[in-house]
Amino acid sequence: MPVIYVLDVPEFRALADVARANSACRVTATPLGYIRIASDGDIVFDRRELGFKPAIWYGAFTGGIEGRIAEFGRDTVRIVADEGAAA
Amino acid sequence: MSEVPTVLGGVHHTARPTWKLKETVEFYNDILGLPIVHAISAVGWGPEDHPDFIHLFFGAGRDSTIAFFYYLGTPPLESPLTPDHWLYKSVHTAWRVETRDELLAWKERLEARGLSVLQVRHEIIESIYVTDPNGYMIEFTWQVREMTTHDGLDAELTLRAAIAIEEERGAPVTDIETVWRRKGALVAAQLDEVA
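These notes cover the structure that comes with them. (Residues numbered from 1 in each chain as written. Chains lettered and ligands numbered in written order. Predicted model: local features only at pLDDT ≥ 70, side-chain atom pairs only at ≥ 80, totals over all residues. Heavy atoms only, no water.)

**A word on unusual backbone geometry**
Residues and elements named next belong to chain B.
Inference 1: Phi angles above zero are rare outside glycine, and Arg-62 is one such case at about 50°.
Inference 2: In this fold, Arg-62 is placed in the loop between β3 (53–59) and β4 (65–71).
Inference 3: We note that Asp-63 has phi near 65°; this positive angle belongs to a residue other than glycine.
Inference 4: Examined against the element boundaries, Asp-63 turns out to sit in the loop between β3 and β4. (Helix = DSSP H or I, 4+ residues; strand = E, 2+ residues; numbered from the N terminus.)

Shown next as structure tokens:
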């Protein structure tokens, strides 16, 4: 089950908004200022749907991930469950 | 131990060498409009290979300055780096402007003077960049929002994750995914603690 932590600040908030509209994702606020997004399947985002410019897009997961990046392209990112040990 | 608090009050000056005195004055004073606020000219005080120098300062707002050393009689250093090298660009000065309108006004002003201006929206700042006659990058930046305590704590965790990986490996970390994964583990552990 991949998880991402999104710092709860305006520039990253679209990640949580888009995930809330996705029935596969569970979005919860945490006490530490992070929004936790978990999914039973892959976590996939489209840059244009998020409205992210490149500087935000390429730093979108700076809050941390549990899982690994299977794909990080110009417009699509996919985080998948980590099958191996954490780094 | 002194009881006087050790608190910084912002930038007084940054300083770099120049081999283009006239062009530097034209750029900072004439084009950018920064006042010439101070200049030291000294004889025989510098190191042996360039004993005489002029140390010049331009006012950059709120009592901050940008300074240059002009080492008389010293040829430019042979450097393997040219101003378009990333290392050359990474060392730069960024000045604060208070509003986006001011940022755009600077862009208009600089372009009207024939300068090539790069505009970039970052995470919490929007910036324009120009290059001075010495090849130094100058940035004007508008901060979109205040930095919060969350920003600071998040930054600490990012750095802690990267340093932990490097200490374990005994080598520099080479990719950001590894840092994000470690950071995810750190955040999860902290959440467990407060749960």
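Still more to cover.
**Notes on helix α1 (residues 21–31) of chain B**
All names here are of chain B.
Inference 1: Along α1, the residues that are buried comprise Thr-24, Phe-27, Tyr-28 and Ile-31. Across the axial projection of α1, the buried residues extend over an arc of 120°, all falling on one side.
Inference 2: Just past α1, the residue Gly-33 takes up positive phi, approximately 80°. (Buried < 20%, exposed > 50% of the residue type's maximum accessible area, 1.4 Å probe, protein only. Arc of directions from axis to C-beta.)

**Focus: the packing of helix α4 (residues 149–169) of chain B against helix α5 (residues 176–194) of chain B**
How two helices pack is summed up by the angle between their axes together with the distance between the axes.
Residues and elements named next belong to chain B.
Inference 1: In the contact formed by α4 and α5, the axes pass within 9 Å of each other and the chain directions differ by 115°. Crossing angle aside, the handedness with which α4 passes α5 is right-handed. Contact residues: Asp-154, Leu-157, Thr-158, Arg-160, Ala-161, Ala-162, Ala-164, Ile-165, Glu-168 and Arg-169 in α4; Thr-178, Val-179, Arg-182, Lys-183, Leu-186, Val-187 and Gln-190 in α5.
Inference 2: Grouping the constituent residues of the contact of α4 with α5 by class yields eight nonpolar, three polar and six charged. (Axes fitted to C-alpha atoms, helices over the stretch in contact; angles between N-to-C directions. Left-handed = near helix turned anticlockwise from the far one by under 90°. Contact = heavy atoms within 4.5 Å. Nonpolar A, V, L, I, M, F, W, Y, C, P; charged D, E, K, R; others polar.)

**Considerations on the side chain of Thr24(B)**
Residue and element names in this part refer to chain B.
Inference 1: The residue Thr-24 is located in helix α1 in this model.
Inference 2: Take Thr-24: its relative accessible area is 0%, and that puts it in the buried class.
Inference 3: A distance of 3.0 Å separates the side chain of Thr-24 from the side chain of Thr-18, its partner in a polar contact.
Inference 4: At 2.6 Å, the side chain of Thr-24 forms a polar contact with the backbone oxygen of Lys-20.
Inference 5: If sequence neighbours within four positions are ignored, Thr-24 has contacts with Thr-18, Asn-29, Phe-58, Phe-68, Pro-133 and Asn-134. (Polar contact = N/O pair within 3.5 Å; in protein donor to acceptor, adjacent residues only side chain to side chain.)

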